[in-house]
Amino acid sequence: MSKRFYITTAIDYVNGSPHLGHAYEKIVADVIARARRSLGQETFFLTGLDEHGQKVQQAAVAEGKTPQSYCDDFAKIWKAFAARLELTNDDFVRTTDPRHKQVVQAILSKLHGEGHFYKAIYRGFYSTKEETFLTEKDRRPDGTFDPSYGEVTELEEMNYYFKLKDHQSWLIDYLEKNPSFVSPETRRNEVLGFLKHSELEDLCISRPLARLNWGIPLPFDPNYVTYVWFDALVNYASIPAAHADPTLIQALGPQPSISGSSLALWPADIHVIGKDILKFHSVYWPIMLKAMGLPLPKKMLVHGWWQKDGEKMSKTTGNVVDPIAVIDEWGVDSFRYYVLRELDIGPDGNWTDAGFKSRYEELANSLGNLVNRSLSMLKRYRNGVAPAPFNELSGEAEKVIAETRSLLEQNQLQAALLSIWSLVTRANQYVEQTAPFKLAKDPGQSTRLDEVLYNLTEVSRILAILLWPFLPGTATKIYAQPGLPGPPSKFSAATWGGLTAGHPIGIPSPLFPKKES
Ligand code: MSP
């Protein structure tokens, strides 16, 4: 059994509506997953929901529901959201799944048995909103806590701690020896800076039942539930364990609820996460894995945050971009194109409605126009039958194919789109230069017209394959119009000359219809 390429996203908090930021991260992971599959790698893509914690418990009570039924209602919305984005996730984890809970408990028992935890009293401040303990260091110069922590309460309680401190120098060493563990580089430097300049505090991994009961009980002390972040991070391992991943089964023993045949997934190849949760993923998670004796994920791919019109999106300001509303109006591929073309993986982005509209026009005027006029001319001048192959744009197309392949292998999605677009631009320029509409009027230019039409149709076919990971619906339509059996999901088909002479073409229709403004 060969190991699959295993990619995950952060699991979203269940108690809220999906917004642009959630959509962006999931689309980035989906493009990488589709690209890997297209390149011939067996792939497993996981996304899902983070459902425990005080916030969920409080919100459920406020709505007069049990936390479970509250989560079940929200989970329907989030699953529909994933489908609407056309995510190709292979599984969907919910931290309330029994298959997840049992792995969290198996890990806790193992670490407890091996002496990684101790019990101690905690006196200090707690932010329910962030589910985190705060110290004096977290106070602002005026003595208050940042409003992003929400209500902060003072408390004193006994809890279990995970000995993180012991692993600090190992982690620094690991990050230094594995430069690709956190990408981009700036984020790796951020983690290294943090680890080198401050002493790690041991991690509190429990919450007393008296204060919070919506969580996974500690297997060795029924008076406590598991801290949400410890619970949530384990999702990346619990789902492989539920698929009988051999590495996890070896570390934890067989798990009771195993579905289907065994899949080799661990270690994860990429965890796609936002910049705000970097510390959890590149400090706590590697240390948890090391303590469990498991290999570390290969990469944390850290993206930036979206703003709207230069401001933080917030429910109170009412400026949250609702992906579903945009998709309803403009189509899912226009949304996918905008976020991927606009923002590279790393920096922060800024959504503007005007920017979105101009990217839509760009799609219609460049890609849409190229495919539509190429196929329409073939229909009009050659009854929709492909002429014999002729290599005029083949060199340029092959250069873009090779470049796109390499960029996809490096998860450079924006750069790959730019490379693909250079072929779109070149082909549109070729139409202007060769003027097939003029050639069609001169019977003496019939062979030349055949040559031009072949090049345009073949470029359109290749573009469909290159664009498949990014714009799956559009790519499928481009492929279907020349009547090719789709979807165009195999990169290996992107070789010049794939379109054969005599192939009949269907009826072209606009890919990005003009919008009333
Ligand atoms: N539940 C935790 C993650 C646990 S992973 C083991 C969480 N959930 S979240 O719903 O708040 O965020 C989920 C993901 O969405 C995070 O990676 C976060 O960075 C991302 N985003 C949330 N708002 C965002 C933007 N405005 N822009 C881009 N991504 C943002 O954190």
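No experiment lies behind these values; they were computed from the predicted model shown. (Residues numbered from 1 in each chain as written. Predicted model: local features only at pLDDT ≥ 70, side-chain atom pairs only at ≥ 80, totals over all residues. Heavy atoms only, no water.)

## What to know about the overall build of the protein chain
- When you go through the protein chain residue by residue, the secondary structure sums to 18 helices and 17 strands.
- Its C-alpha radius of gyration of 26 Å places the protein chain within 12% of the 24 Å reference for a compact globule of 517 residues.
- The contacts in the protein chain between residues at least 6 apart in sequence include a share of 75% that link residues at least 24 apart.
- As displayed, the protein chain has an accessible area near 21200 Å², and 52% of this comes from carbon and sulfur atoms.
- Distance between charge centres in the protein chain, computed from 56 positive and 60 negative side chains, equals 4 Å. (Helix = DSSP H or I, 4+ residues; strand = E, 2+ residues; numbered from the N terminus. Rg over C-alpha atoms; globule rule 2.2 N^0.38 Å. Contact = heavy atoms within 4.5 Å. Areas by Shrake-Rupley, 256 points an atom, 1.4 Å probe, with all protein chains shown as cover. Lys, Arg positive; Asp, Glu negative; His and termini not counted. Charge placed at Lys NZ, Arg CZ, Asp CG, Glu CD.)

## A word on the pattern of salt bridges
- One pass over the structure, following the stated rule, counts 36 salt bridges.
- As a salt-bridge pair, R99 and D97 come within 3.2 Å of each other at their nearest N and O atoms.
- Between R359 and E362 there is a salt bridge, and its shortest N-O distance comes to 2.9 Å. Of the two residues, R359 and E362 are both situated in helix 13 (residues 353-382); the distance of three residues between them amounts to about one turn of the helix.
- For R359, a relative accessible area of 14% corresponds to the buried category.
- In this structure, a network of salt bridges that share partners links the residues E63, K65, D73 and K76. (Salt bridge = Lys/Arg side-chain N within 4 Å of Asp/Glu carboxyl O. Buried < 20%, exposed > 50% of the residue type's maximum accessible area, 1.4 Å probe, protein only.)

## With respect to the pairing of strand 7 (residues 152-162)
- Judged from the 11 bridges that link them, strand 5 (residues 117-127) and strand 7 form a sheet pairing that is antiparallel. Counted as the bridge partner of F125 is E154 from strand 7.
- By the bridge criterion, two bridges tie strand 7 to strand 9 (residues 203-204) in an arrangement that is antiparallel. Looking across to strand 9, one finds that F162 is bridged to L203. (Pairing = 2+ DSSP bridges.)

## A look at the site of the ligand
- Residues in close proximity to the ligand total 24 residues, the closest being I11, E25, D50, D276 and W306.
- One of the backbone N or O atoms of G274 is found 2.9 Å from an oxygen atom in the ligand.
- Measuring from a nitrogen atom of the ligand, one finds a backbone N or O atom of W306 at 2.9 Å.
- Isolated, the ligand exposes 660 Å² of accessible area, and the fraction of that covered by the protein chains is 94%.
- Looking at the shell around the ligand, the elements that each hand over two or more residues are strand 2 (12-13), helix 1 (20-38), helix 7 (228-233), helix 8 (235-242) and strand 13 (270-274).
- Split by residue class, the shell around the ligand holds 12 nonpolar, eight polar and four charged. (Near = heavy atom within 4 Å. Polar contact = N/O pair within 3.5 Å; in protein donor to acceptor, adjacent residues only side chain to side chain. Nonpolar A, V, L, I, M, F, W, Y, C, P; charged D, E, K, R; others polar.)

## So, the pairing of strand 14 (residues 300-303)
- Every second residue of strand 14 is oriented toward a common face, with M300 and V302 on one face and L301 and H303 on the other, all of them buried.
- Where strand 8 (residues 182-183) meets strand 14, two bridges bridge the pair, whose relative direction is parallel. Note that in strand 14 the partner of V182 across the bridge is M300.
- Relative to strand 14, strand 13 runs parallel, the two being bridged by four bridges. In the strand pairing of strand 14, H271 is matched with M300.
- Once the chain exits strand 13 it traverses helix 10 (residues 278-292) before rejoining the sheet at strand 14, and the crossover so formed is right-handed. (Right-handed = clockwise from strand over helix to strand, strands pointing away.)

## A short note on empty space enclosed by the protein
- One pass over the structure, following the stated rule, counts two cavities of 30 Å³ or more.
- Estimated volume of the largest cavity: approximately 60 Å³.
- Looking at the largest cavity, the residues that line it are D12, K26, T47, G48, L49, W78, F81, A82, L87 and F92.
- A per-class count over the lining of the largest cavity returns six nonpolar, two polar and two charged.
- By volume, the second largest cavity is sized at about 40 Å³.
- What lines the second largest cavity is Y13, N15, D50, H52, K55, V56 and E131.
- Within the lining of the second largest cavity, the residues separate by chemical class into two nonpolar, two polar and three charged. (1 Å grid on protein atoms, 1.4 Å probe; cavity = no way out; pocket = protein on both sides within 12 Å on 5 of 7 lines; lining within 4 Å. Points joined across faces, edges and corners; volume = space filled by probe spheres on them.)

## Here we look at unusual backbone geometry
- The linkage connecting S183 with the following residue, P184, adopts the cis geometry, with an omega of -5°.
- With respect to the helices, strands and loops of the structure, P184 is situated in the loop between strand 8 and helix 6 (185-197).
- In this model, E86 sits at a positive phi of 60°, which is unusual for a non-glycine residue.
- Along the chain, the position of E86 falls in the loop between helix 3 (67-84) and strand 4 (91-94).
- Unusually for a residue other than glycine, N383 sits at a positive phi of about 55°.
- Looking at the secondary structure, you find N383 in the loop between helix 13 and helix 14 (394-409).

## Observations regarding helix 5 (residues 168-177)
- Within the sequence span of helix 5, burial applies to Q168, L171, I172 and L175. Down the axis of helix 5, the buried set is contained in an arc of 100°. They therefore lie on one face. Turned more than 90 degrees from where helix 5 packs its buried face, S169 and K177 sit exposed.
- Turning to helix 5, the residues buried within the fold contact strand 8, helix 6 and helix 10. (Arc of directions from axis to C-beta.)

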